[in-house]
Amino acid sequence: MSASALWTIDDMASAMRAERQGALPESIPGISIDSRSLVPGEAFFAIKGDNRDGHDFVAQALAAKAGIAVIDAEHRAEFPADAPLLIVPDVLAALRDLAIAARARFQGKVIGVTGSVGKTSTKEALRLALSKDGETHASVASYNNHWGVPLSLARCPETARYAVFEMGMNHEGEIEPLTRLVRPHVAIITTIAPVHLEFLGTLQKIADAKAEIFHGIEPGGAAVINADIAQFNQLKRRAKEVGVARIVSFGENKKADARLVKCMLQPRSSTVEANILGHEITYKLGAPGRHLVHNSLAVLAAVELAGADLALGALALGELHPVTGRGAPIEIEPPGGLALVIDDSYNANPASVVAALAVLGQAKVGPRGRRIAVLGDMLELGPKGRALHRDLAEAVVANAIDLVFCCGPLMQALWQALPASRRGGYAEDSGLLESQVLPAIHAGDVVMIKGSLGSRMAPIVKALQRAYPRHDNGEASLQNARA
């Protein structure tokens, strides 16, 4: 198999028990489930999603020079006899079979990540830290569900030294099959928070659902658990019940194995002193927020447990930067100067909103600038939803947020709880709120935008960028001007 090949067709067909059709290449360089972003030569898997059937895009994928398409037997008559196909009874099941084969051939160390908050940023920090020690594969975006995990695992190169996989859920019983696929050597639970209460009901049940990740840990492996949360002992107990060999704690707790000694929080970064499994270490995080500081302890504990270079891993965390929808800073230019948008629009729950408000509270504003929060509904919180939205008022005041714009029927509870002086505007949906937010932004402001994906806050970010494009006229950046 060539260095650029991910799978030979022989190995793929064998793993998936697939029937071959047409003129097939010897190997494929990658796997795609999206015909729009497919790279020539890749295998296109025609997965049936909630809204679309991948079989509807096979012709488009082949026209884009896919090496092969993986389809189910039910659709084979729709394609020419010479089309390069692997035919299976069920495409998603075949992808899982390929994932099993990928894990079986992988000889490196595997780290699994779950938790109510911070999964993706922790996964990205692990990618950075481990890649300094050797080739590292990690799931892209938030591919953490019943199709995302198998896809990420099937994409894992045999040559990688480390692999990192994110696992998510919103119902009990969803993580266990994922972790049994991944079979991590190290499993991290970042934290337990009131997320998916609509389906799980209590924090204790959320903790039990997250603890399913321990079921897949390899013999001799380790669980890395947040020592600062009320569910620590519950999670530790669950890990012991399934025979996890080593339990490592992280946090500010004085007994934590990966312990925060001291940190300095800055608007765009943090400096951390920590003791990681007996090693005293000082490092910089290239992204702001105490929550990221806490999770970096788990990252470095996993680096050490995986046998990677701890010093190199810690140094790499200086390169950690927020990504689009997850805290990315975007400069805009309203009349009179620059303003900063913090794009945290991808998702929201009570814990992550409080963390985002804390980051906003640390931000340095320009002359006459204000700290402005634009918040959309946090979804899947069940009967406690309105109360959890209302309770955010405390964090708004504690972090000296000047104005809050609220979007959605649940956020109305926060709007009503805010002091009148902090009310920026309210609307039932983001489209209506947009017309209130845009004219309110002034030079020097820092604007944080956050909400559950279903509350559609990202269009407000785009609208601000369109309305106030950044002009490259040689001026110092907003952050430099405030230094």
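The shown structure was predicted, so the numbers you read here are calculated from the model rather than taken from an experiment.

A. Broad picture of the pattern of salt bridges. Enumeration according to the criterion identifies 20 salt bridges in this entry. Arg20 is paired through a salt bridge with Asp10; the nearest N and O atoms lie 2.8 Å apart. Of this pair, Arg20 sits in strand E2 (residues 19–21) while Asp10 sits in helix H1 (residues 9–16), and the two are 10 residues apart along the sequence. Residue classification places Asp10 among the partly exposed residues on the basis of a relative accessible area of 48%. In this structure, Lys450 and Asp344 form a salt bridge, with 3.2 Å as the shortest nitrogen-oxygen distance. Linking Lys450 in strand E22 (residues 446–450) with Asp344 in strand E18 (residues 339–344), this pair joins segments that are 106 residues apart in sequence. On the accessibility criterion, Asp344 (14% relative accessible area) is buried. Because the salt bridges share partners, they merge into one network encompassing Arg103, Arg183 and Glu218.

B. Representation of the packing of aromatic side chains. If you walk through the whole model with that rule in mind, you get 2 aromatic pairs. Ring plane angle 65° and centroid distance 5.1 Å describe the contact between Tyr143 and Trp147, whose orientation is recorded as edge-to-face. Since its relative accessible area comes to 23%, Tyr143 is described here as partly exposed. Above the plane of the ring of Trp7 lies Arg105, whose end atom (NZ or CZ) is 3.7 Å from the centre. Across from the ring centre of Trp415, 5.3 Å away, lies the NZ or CZ of Arg423, which sits over that ring.

C. Structural view of the pairing of strand E10 (residues 162–166). The element E10 is largely enclosed, with a buried count of 5 among its 5 residues. Because side chains alternate across E10, one face comprises the buried residues Tyr162, Val164 and Glu166, and the other comprises Ala163 and Phe165, equally buried. Relative to E10, strand E8 (residues 109–114) runs parallel, the two being bridged by 5 bridges. When the bridges of E10 are listed, Ile111 appears paired with Val164.

D. Region of the structure containing the state of the cysteines. In total, this model carries 0 disulfides according to the counting rule given. In this model Cys407 remains outside any disulfide bridge; the closest cysteine sulfur is found in Cys406, 8.9 Å from its own.

E. Main features of the sheet that holds strand E21 (residues 423–427). Pairing is mixed across the open sheet formed by 6 strands, whose spatial order is E17-E18-E22-E19-E20-E21. Each edge of the open sheet is held by one strand with a lone partner, namely strand E17 (328–332) and E21. Across the sheet, the axes of successive neighbouring strands diverge by a mean angle of 15°, strand direction being ignored. Pairing analysis gives 5 bridges linking E17 to E18, with the strands arranged antiparallel. Within E18, the residue paired with Ile330 across the bridge is Val341.

F. Molecular detail of the sheet that holds strand E12 (residues 222–226). In space, the 9 strands of this open sheet follow the order E9-E10-E8-E11-E12-E13-E14-E15-E16, with mixed pairing throughout. Bordering the open sheet on either side are strand E9 (136–138) and strand E16 (279–285), each of which pairs with just one other strand. Ignoring strand direction, the axes of neighbouring strands in this sheet form an average angle of 20°. The sheet contact formed by E12 and strand E13 (residues 246–251) spans 5 bridges and is parallel. The residue bridging Ala223 from the neighbouring strand is Ile247, located in E13.

G. Here's a closer look at the nonpolar core. Judged by nonpolar contacts, the single largest core of 88 residues is most densely connected at Met12, Met16, Phe45 and Phe214. Here the element with the most residues in this core is helix H3 (residues 91–105); it accounts for 7 residues. Residues in contact with Phe214, not counting those within four places in the same chain, are Ile189, Ala223, Ile225, Leu235, Arg238, Ala239, Val242 and Val244. Core analysis: the second largest hydrophobic core is formed by 40 residues, Val186, Val224, Ala258 and Leu300 among them.

H. Focus on the side chain of Ser270. Turning to its location among the elements, Ser270 is positioned in strand E15 (residues 270–276). If sequence neighbours within four positions are ignored, Ser270 has contacts with Met264, Leu265, Tyr283, Lys284, Leu285, Ala287, Pro288, Gly289 and Val293.

I. Broad picture of the packing of helix H4 (residues 119–131) against helix H10 (residues 290–305). At their nearest, the axes of H4 and H10 sit 9 Å apart, and the two run at 45° to each other. Considered as vectors, H4 and H10 are oriented oblique to each other. Taken as a pair, H4 and H10 cross one another with a handedness that is right-handed. Together, Ser121, Thr122, Ala125, Leu126, Ala129 and Leu130 of H4 and Leu292, Asn295, Val299, Ala302 and Val303 of H10 make up the contact between the two elements. Classifying every residue of the contact of H4 with H10 by side-chain character gives 8 nonpolar, 3 polar and no charged.

Procedures and definitions
Residues numbered from 1 in each chain as written. Predicted model: local features only at pLDDT ≥ 70, side-chain atom pairs only at ≥ 80, totals over all residues. Heavy atoms only, no water. Salt bridge = Lys/Arg side-chain N within 4 Å of Asp/Glu carboxyl O. Helix = DSSP H or I, 4+ residues; strand = E, 2+ residues; numbered from the N terminus. Buried < 20%, exposed > 50% of the residue type's maximum accessible area, 1.4 Å probe, protein only. Phe/Tyr/Trp six-rings, centres within 6.5 Å; stacked < 30°, edge-to-face > 60°. Lys NZ or Arg CZ within 6 Å of the ring centre and 35° of its normal. Pairing = 2+ DSSP bridges. Disulfide = S-S within 2.5 Å. Axes fitted to C-alpha atoms, helices over the stretch in contact; angles between N-to-C directions. Core = buried A, V, L, I, M, F, W, Y, C linked by side-chain atoms within 4.5 Å. Contact = heavy atoms within 4.5 Å. Parallel < 35°, antiparallel > 145°, perpendicular 65-115°, else oblique. Left-handed = near helix turned anticlockwise from the far one by under 90°. Nonpolar A, V, L, I, M, F, W, Y, C, P; charged D, E, K, R; others polar.

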